[in-house]
Structure formats: structure tokens, C-alpha cells
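Residue-level listing of the chains:
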Amino acid sequence: MGATIVLESGAEVKNYKTRTYVFLLYPDTNDKHKKALALLRQGYNYLAIQHTEDTTEEGMPKGAHFHCLVKFRQPRWLSAVSEELGVEPNLFRDCKSFDGYARYMLHLDNPEKAQYDFEALEGSLKDLAEKACIGEETESERVLRLLELLDNEKRVLTMRQFVTIVCKAGLYSDCRRAGYLMKQMLDEHNVEVQMNEIYPL
């Protein structure tokens with residue numbers, strides 16, 4: 001890969017490798033950006049948010065745009081990512097802090113700027129951003145705690161007993177959201193306990 005990327009304007013951008021890129025998209029006014037956003041939504045590890053209330057220092061509206069973050073398992077060249085998504089390479093930046101950029105997407109640490117709700121975020125990395133933005137356990141982490149509660153019980157549990165354990169752990173809302181899935185987990189737990197009583201390890 002070359003050390004620089006030459007833009008259509010003739011300007012040059014440094015080529016580099018990283019696992020996590022952040023970039024801007026203007027899908028309302030740029031068809032290539034519209035396609036890039038669709039690609040992200042089809043199968044990338046990404047986080048994105050649409051900003052519609054941002055203004056310039058003079059108070060003029062900036063126009064709707066997306067802040068995007070894409071994360072790869074292995075470092076990828078900027079030139080390759082830019083070509084793959086069809087987005088100008090000068091719109092990309094190396095992401096130094098996932099948590100920091102997730103917070104920036106909502107302007108949590110910039111009270112002078114338009115504020116955005118966590119629910120406005122989209123993408124497969126939204127759960128990962130929840131802890132950085134809300135300061136609490138993610139839903140996935142709470143479900144893992146529910147499963148750990150089950151694993152720590154070495155007896156057959158009635159639903160009443162299980163709900164009591166869950167409530168004491170402060171996880172009832174997550175249990176209720178899981179609905180049938182959590183009942184299935186309880187049934188599996190009880191079968192495993194009974195099997196271990198019959199065929200102890």
C-alpha cells in the first residue's frame with residue numbers, strides 16, 4: 001500500500017492502518033454516502049448516529065449528517081476501507097478511544113452543543129457503547145448475571161423461587177424482558193440438576 005492517497009482534487013492524505021475508524025456521512029445529499037450507510041447496516045461492526053440539530057459557531061444549521069464508527073478484527077488500511085465503503089478517505093480518522101467517541105456522538109461532554117439521546121444510536125456496537133454513555137451494565141452483562149445466578153443454584157427451582165432470587169439481585173426487569181427465553185433457561189437448569197442427581201459427576 002502506498003504511503004499516501006491522492007484525492008480527486010489532487011490533495012494527498014496519509015495512508016495508515018488501524019482497527020477502528022470514525023468518519024462522517026451525508027446520505028441526504030450524497031448517493032455514495034447513502035450506499036455506504038446501507039453497507040454498514042448490512043454486516044459491519046459499527047456504531048452510528050444522525051445529527052440533525054448541530055450548528056456552526058455562527059449558529060447556522062450544519063445540515064443532517066451521520067457520525068460513524070466501524071471496528072475491524074484486524075488492522076485495515078485506510079485506502080482499502082475507503083474504497084470498500086466508497087467514502088472519501090479525507091473523511092476518516094483513526095479512533096483513539098471507543099468510549100470517548102461514543103460519548104462524543106451524544107455530545108455528553110459538550111453541553112454547549114446539541115444533545116442527543118442514547119436511543120438515537122444504532123449499530124451492532126450499541127451495547128458496547130451503553131456502559132460508556134450511561135455508566136451502567138449493558139443488557140448483555142445483566143443477562144450474563146442472570147445466567148450466573150442460575151448456575152450457582154444447585155437445586156431445582158420453582159418459578160417463585162427463581163423470581164425471588166432475581167428480584168433480590170435487582171434483575172427482575174431483565175428477566176421479564178427475556179420472557180419465554182428465561183423460562184426455557186429455568187427449565188434447562190432444572191433438568192440439569194435432576195440429571196446430576198441421577199448421574200453425579
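Thresholds applied
Residues numbered from 1 in each chain as written. Predicted model: local features only at pLDDT ≥ 70, side-chain atom pairs only at ≥ 80, totals over all residues. Heavy atoms only, no water. Helix = DSSP H or I, 4+ residues; strand = E, 2+ residues; numbered from the N terminus. Rg over C-alpha atoms; globule rule 2.2 N^0.38 Å. Buried < 20%, exposed > 50% of the residue type's maximum accessible area, 1.4 Å probe, protein only. Areas by Shrake-Rupley, 256 points an atom, 1.4 Å probe, with all protein chains shown as cover. Lys, Arg positive; Asp, Glu negative; His and termini not counted. Charge placed at Lys NZ, Arg CZ, Asp CG, Glu CD. Pairing = 2+ DSSP bridges. Axes fitted to C-alpha atoms, helices over the stretch in contact; angles between N-to-C directions. Expected span 1.5 Å × (residues − 1). Arc of directions from axis to C-beta. Polar contact = N/O pair within 3.5 Å; in protein donor to acceptor, adjacent residues only side chain to side chain. Contact = heavy atoms within 4.5 Å. Salt bridge = Lys/Arg side-chain N within 4 Å of Asp/Glu carboxyl O. Patch = residues over 30% accessible without salt bridge, like charges linked within 9 Å, V, L, I, M, F, W, Y side chains within 5 Å. Core = buried A, V, L, I, M, F, W, Y, C linked by side-chain atoms within 4.5 Å.

Enquirer: Residue-level account of the overall build of the protein, with values.
Expert: Of the regular secondary structure elements, the protein holds eight helices and six strands. Element order for the protein, N to C, with α for helix and β for strand: β-β-β-α-β-β-α-β-α-α-α-α-α-α. Scaling as 2.2 N^0.38, a compact globule of 201 residues should have a C-alpha radius of gyration of about 17 Å, whereas the protein reaches 23 Å, well beyond that. Across its three principal axes, the protein shows a C-alpha extent of roughly 75 × 40 × 25 Å. Burial statistics for the protein: of 201 residues in total, 36% are counted as buried. Summed over its atoms, the accessible surface of the protein is roughly 12700 Å², and 51% of this surface lies on carbon and sulfur atoms. Of note, the protein has its 26 positive side-chain charges centred 3 Å away from the centre of its 32 negative side-chain charges.

Enquirer: Describe the sheet that holds strand 3 (residues 17–25), with residues and values.
Expert: With respect to topology, four strands assemble into an open sheet ordered 4-5-3-6, the strand pairing being antiparallel. Among the strands making up the open sheet, the edge pair consists of strand 4 (45–51) and strand 6 (92–94). Taking the axes of each pair of neighbouring strands and ignoring which way they run, one obtains an average angle of 25° across the sheet. Two strands pair when backbone bridges link them, and strand 3 and strand 6 are joined in this way by three bridges, in the antiparallel orientation.

Enquirer: I'd like a rundown of helix 5 (residues 139–152), residues and numbers included.
Expert: Here helix 5 is 14 residues long and its end C-alpha atoms lie 20 Å apart, about the 20 Å a rise of 1.5 Å per residue gives. Among all positions in helix 5, only Arg 142, Leu 146 and Leu 150 are buried. Taken down its axis, helix 5 places every buried residue within 95° of arc, on the same side. Along helix 5, exposed side chains directed more than 90 degrees from the buried face belong to Leu 144, Asp 151 and Asn 152.

Enquirer: Would you mind going over the side chain of Asn 110 in detail, with residue names and values included?
Expert: Checked against the element boundaries, Asn 110 lands in the loop between helix 3 (98–106) and helix 4 (126–134). Residue class for Asn 110 comes out buried when judged on its relative accessible area of 18%.

Enquirer: Describe the side chain of His 51, with residues and values.
Expert: Here His 51 is to be found in strand 4. At 3.4 Å, the side chain of His 51 forms a polar contact with the side chain of His 67. Discounting residues that sit within four places of it in the chain, His 51 has contacts with Gly 63, Ala 64, His 65, His 67, Met 105, His 107 and Tyr 116.

Enquirer: Talk me through the pattern of salt bridges; I want residue IDs and the actual numbers.
Expert: One pass over the structure, following the stated rule, counts seven salt bridges. Between Lys 96 and Asp 94 there is a salt bridge whose closest N-O contact spans 3.0 Å. The exposure class assigned to Lys 96 is exposed, which follows from its relative accessible area of 73%. A salt bridge links Arg 103 to Asp 109; the shortest N-O distance between them is 2.8 Å.

Enquirer: Break down a negative patch on the surface for me, citing the residues and quoting the values.
Expert: A cluster of acidic residues, Glu 148, Asp 151, Glu 188 and Glu 192, forms a negative patch at the surface. Elements with a contribution of two residues or more to the negative patch: helix 5 and helix 8 (180–198). Checked against the element boundaries, Glu 192 lands in helix 8.

Enquirer: Which residues make up the nonpolar core, and what are the values?
Expert: Counting 22 residues, the largest nonpolar core has Tyr 21, Phe 23, Leu 25, Leu 40, Leu 85 and Phe 92 as its most contacted members. Secondary-structure elements contributing two or more residues to this core are strand 3, helix 1 (31–43), strand 4, strand 5 (65–77) and helix 2 (78–85). Apart from the residues within four sequence positions on either side, Leu 25 is in contact with His 33, Ala 36, Leu 37, Leu 40, His 65, Phe 66, Cys 68 and Val 87.

Spatial relationships are all this shows, so hold off on functional conclusions.
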